[in-house]
Amino acid sequence: MSPSKIIKEIKQTLPTDVQLVAVSKFHPSAMIEDAYAGGHRIFGESHVQELQQKYEVLPKDIEWHFIGHLQTNKVKYIAPYIQLIHAVDTHKLLVEINKQALKNNRIIDCLLELHIAQEDTKYGFSADEMYDYIKQGEWRLLENVRICGIMCMASNVEDKTQIASEFQQAETLFNKLKKDFFAQVDSFSIRSWGMSDDYMIAVNHGSNMVRIGSKIFGPRVY
Ligand SMILES: *Cc1c(COP(=O)(O)O)cnc(C)c1O
């Protein structure tokens, strides 16, 4: 089946308030064009150089999301056009995004990455760290970035109960942050969790933005 057909099928199974990010990393622009022709506009990439190449050749009304780990020295390349940066994991990175956004006369939307999975991937705030970071408030000085919510990845395990419990922790943290710091801020609304193998669990535990790659485009060849 073509990417556009699969996207259509997935959208039919998602609640209407859940956005689908089609994760196109490691897949050629031709596959993105197929999805685009079917009407899809939101695509996720996780490598700056690959995103740059695709951005240059593909239609300019694509909404590009950066979903991977972003190095500070690469922010400048995507700052002119990126719509949402999902995995902000340090204040230093947010400062750099703010600086590059200012240079481009933009406000860049960002999510904070919650580290919740058991395997020790290196990146992301713990729930307590994220709460303290938001509470401490230094980010408020950064006027060219807007913190719109949180993202996370569940552990890569079979145990659906564990995955559900991890997403539930993310939802609980989101709700606490919303209540304590963003109650009046409508833009703080994005809960980015759920991938090919666990997105239905994710939407049952608070996700309103799923990032789906291999289910749409097939296995990645690295
Ligand atoms: C690659 C990737 C995805 C998509 O994963 P699939 O299992 O192929 O759906 C989602 N989120 C992040 C952060 C990724 O790096």
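One can find the structure itself at the top, above this paragraph.
Residues numbered from 1 in each chain as written. Predicted model: local features only at pLDDT ≥ 70, side-chain atom pairs only at ≥ 80, totals over all residues. Heavy atoms only, no water.

**Looking at the site of the ligand**
Neighbouring the ligand are Val23, Lys25, Ile67, Met153, Met195, Ser196, Arg211, Ile212, Gly213, Ser214 and Arg220. The separation between an oxygen atom of the ligand and a polar side-chain atom of Lys25 is 2.6 Å. Contact distances for the ligand include 2.8 Å between an oxygen atom and a backbone N or O atom of Ser214. Across the shell around the ligand, the residue classes tally to five nonpolar, three polar and three charged. (Near = heavy atom within 4 Å. Polar contact = N/O pair within 3.5 Å; in protein donor to acceptor, adjacent residues only side chain to side chain. Nonpolar A, V, L, I, M, F, W, Y, C, P; charged D, E, K, R; others polar.)

**Quick word on the state of the cysteines**
On inspection of all chains with the given rule, the structure shows zero disulfides. Left unpaired, Cys110 is separated from the closest cysteine sulfur, that of Cys148, by 7.6 Å. The class of Cys110 is buried, set by a relative accessible area of 1%. Looking at Cys152, it has no disulfide partner, and the nearest cysteine sulfur is the one in Cys148, 17 Å off. (Disulfide = S-S within 2.5 Å. Buried < 20%, exposed > 50% of the residue type's maximum accessible area, 1.4 Å probe, protein only.)

**As for the pairing of strand β3 (residues 63-66)**
Across four bridges, the pairing between strand β2 (residues 42-45) and β3 is parallel. The residue bridging Phe43 from the neighbouring strand is Trp64, located in β3. A crossover connection joins β2 to the parallel β3 through helix α3 (residues 48-57); in handedness this β-α-β unit is right-handed. Sheet analysis places β3 next to strand β4 (residues 84-88), joined by two bridges and oriented parallel. Bridge pairing in β4 links Phe66 to Ile85. (Pairing = 2+ DSSP bridges. Helix = DSSP H or I, 4+ residues; strand = E, 2+ residues; numbered from the N terminus. Right-handed = clockwise from strand over helix to strand, strands pointing away.)

**Some points on the environment of Arg211**
Looking at the secondary structure, you find Arg211 in strand β8 (residues 209-212). Look at Arg211 and you get buried, because its relative accessible area is 4%. Separated by 188 residues in the primary sequence, Arg211 and Val23 place their C-alpha atoms 6.1 Å from one another.

**Points about the pattern of salt bridges**
Summed over the entire model, instances satisfying the criterion amount to five salt bridges. In this structure, Asp61 engages Arg41 in a salt bridge whose closest nitrogen and oxygen atoms are separated by 3.3 Å. Here Asp61 is found in the loop between α3 and β3, whereas its partner Arg41 is found in the loop between α2 (29-37) and β2, with 20 residues between them in sequence. The partner of Arg146 in a salt bridge is Asp109, and the shortest N-O contact between them spans 2.9 Å. Here Arg146, found in strand β6 (residues 145-152), pairs with Asp109, found in strand β5 (residues 108-114); they are 37 residues apart in sequence, far enough to count as distant. Asp109 gets classed as buried once you look at its relative accessible area, which sits at 17%. A cluster of three or more residues bridged by salt bridges with shared partners is formed by Glu45, Glu50 and Lys54. (Salt bridge = Lys/Arg side-chain N within 4 Å of Asp/Glu carboxyl O.)

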